[in-house]
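One letter stands for each residue in the lines below.
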Amino acid sequence: MGLRCKSGNEINPLHQIPVLNDGGFIISESVVIMKYLVDTYAKDDTLFPKDPRKAAVTLQRMLFISAYMFPRMVGYMAGPILDGEEPDAEKGQKLEEAINHLNNFIGDNQWVAGNTMTAADIIAVSNIATIDASGAFDLKAYPNLWQWYGRIKEALSSAGYNEVIKKGADMFGKAFKDVVH
Ligand SMILES: N[C@@H](CCC(=O)N[C@@H](CS)C(=O)NCC(=O)O)C(=O)O
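Figured I'd write up the structure that's included with this text. (Residues numbered from 1 in each chain as written. Predicted model: local features only at pLDDT ≥ 70, side-chain atom pairs only at ≥ 80, totals over all residues. Heavy atoms only, no water.)

1. Topic: the overall build of the chain
What counts, and what does not: Secondary structure elements follow DSSP: runs of H or I no shorter than four residues count as helices, runs of E no shorter than two count as strands, and numbering proceeds from the N terminus. Values of the radius of gyration come from C-alpha atoms, whereas the globule rule sets the reference at 2.2 Å times the count of residues to the power 0.38. Only protein chains enter the area calculation, which uses a 1.4 Å probe; residues under 20% of their type maximum are buried, those over 50% are exposed, and those in between are partly exposed. Any two residues whose heavy atoms approach within 4.5 Å are treated as being in contact. Throughout, the Shrake-Rupley method with a 1.4 Å probe supplies accessible areas, and for residues the shown protein chains are the sole cover considered.
From N to C terminus, the chain includes six helices and two strands. Relative to the compact-globule value of 16 Å for 181 residues, the chain shows a C-alpha radius of gyration of 17 Å, a close match. Summarising its shape, the C-alpha atoms of the chain cover approximately 50 × 45 × 30 Å along the three principal directions. When the 181 residues of the chain are sorted by exposure, 34% land in the buried category. Relative to all contacts within the chain whose residues are 6 or more apart in sequence, the contacts with residues 24 or more apart total 61%. As presented, the chain carries roughly 10,400 Å² of accessible surface, and 55% of it is formed by carbon and sulfur atoms.

In structure tokens, the structure reads:
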């Protein structure tokens, strides 16, 4: 089944991915999908804490990635990838601001939303892996982020990081690099 069925029934009227179909329960928006999956299938609440303040910080970080960093990443990378345009320096600066914010959010903590790994780390690494693969920014210049990036890749390695996250990130990164370099 695609985003639009042959019958004309749409599983996402916005025609966007990701969309989850969990036994007929259909829901879109990456942050909502992740929360639903944790609430429904996780063994405990560590990936999405129940403590109100920890939950608020986790959600803030997830929405920061989805509503602030991701649009800036797409804004910078889509023109070169889809239309063969030269990268726009101003859009690159906007994305770099978001990278810097993430570096500051991590701060001295081990993870994006504090000292335990949460769903915020998973959504964040999907974006950072794509930015890394684009080769357009020196992520080592953001030490908190760079150390966290190594940590999260290691933490997710046995959960299929290469197949689930790196493969797609490398594909987009390569498409960008092919135009730019
Ligand atoms: N806020 C949405 C954004 C989804 C989104 O932008 N999806 C892109 C691909 S990553 C898409 O399907 N774009 C096609 C379109 O907008 O027509 C989420 O986090 O799930």
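2. Examining the site of the ligand
Basically, it comes down to this: Here a residue counts as near a molecule or strand whenever at least one of its heavy atoms sits within 4 Å of it. We define a polar contact as two N or O atoms separated by no more than 3.5 Å, with the added condition that, inside protein, one atom must be a possible hydrogen donor and the other a possible acceptor, whereas residues neighbouring each other in sequence contribute only through side-chain atom pairs. Only protein atoms enter the calculation, which uses a 1 Å grid: trapped sets of points that fit a 1.4 Å probe without letting it out are cavities, open sets showing protein on both sides within 12 Å along at least five of seven lines are pockets, and any residue with an atom within 4 Å of a point is a lining residue. More than half of a molecule's atoms lying within 2 Å of a cavity's or pocket's grid points is what places that molecule inside it.
In the vicinity of the ligand, the residues found are His15, Gln16, Ile17, Pro18, Glu29, Ser30, Ser66 and Phe70. Residue isoleucine 17 places a main-chain N or O atom 2.7 Å away from a nitrogen atom belonging to the ligand. At 2.6 Å from an oxygen atom of the ligand is found a side-chain nitrogen or oxygen belonging to serine 30. Notes on the ligand: free accessible area 510 Å², of which the protein chains cover 59%. When atoms are counted within 2 Å of each cavity's grid points, the one that captures over half of the ligand is the largest pocket.

3. Quick look at the pairing of strand E2 (residues 25-28)
Put simply, the test is: In this scheme, strands are said to pair when DSSP sees at least two bridges between them.
Sheet analysis places strand E1 (residues 19-22) next to E2, joined by four bridges and oriented antiparallel. Bridge pairing in E2 links asparagine 21 to isoleucine 26. Taking the residues that link successive antiparallel strands as the turn, the E1-E2 hairpin has two residues, and the phi of glycine 23 there is positive, at about 60°.

4. Side note on the layout of surface pockets
Definition in use: Grid points are joined across faces, edges and corners, and a volume is the space filled by probe spheres set on the points. Gly is placed with the polar residues, together with every amino acid not listed as nonpolar (Ala, Val, Leu, Ile, Met, Phe, Trp, Tyr, Cys and Pro) or charged (Asp, Glu, Lys and Arg).
Considering only enclosed or pocket space, the largest pocket measures out at about 1,400 Å³ in volume. Lining of the largest pocket is provided by 34 residues; of these, Pro18, Ser30, Phe70, Ser126 and Asn127 occupy positions nearest its centre. For the lining of the largest pocket, the secondary-structure elements that each account for two or more residues are helix H1 (30-41), helix H2 (52-83), helix H4 (119-134) and helix H6 (161-180). When residues of the lining of the largest pocket are assigned to their parent elements, the largest contribution, nine residues, is made by H2. Looking at side-chain class alone, the lining of the largest pocket contains 22 nonpolar, 11 polar and one charged residues.

That is the geometry; function is a separate question.
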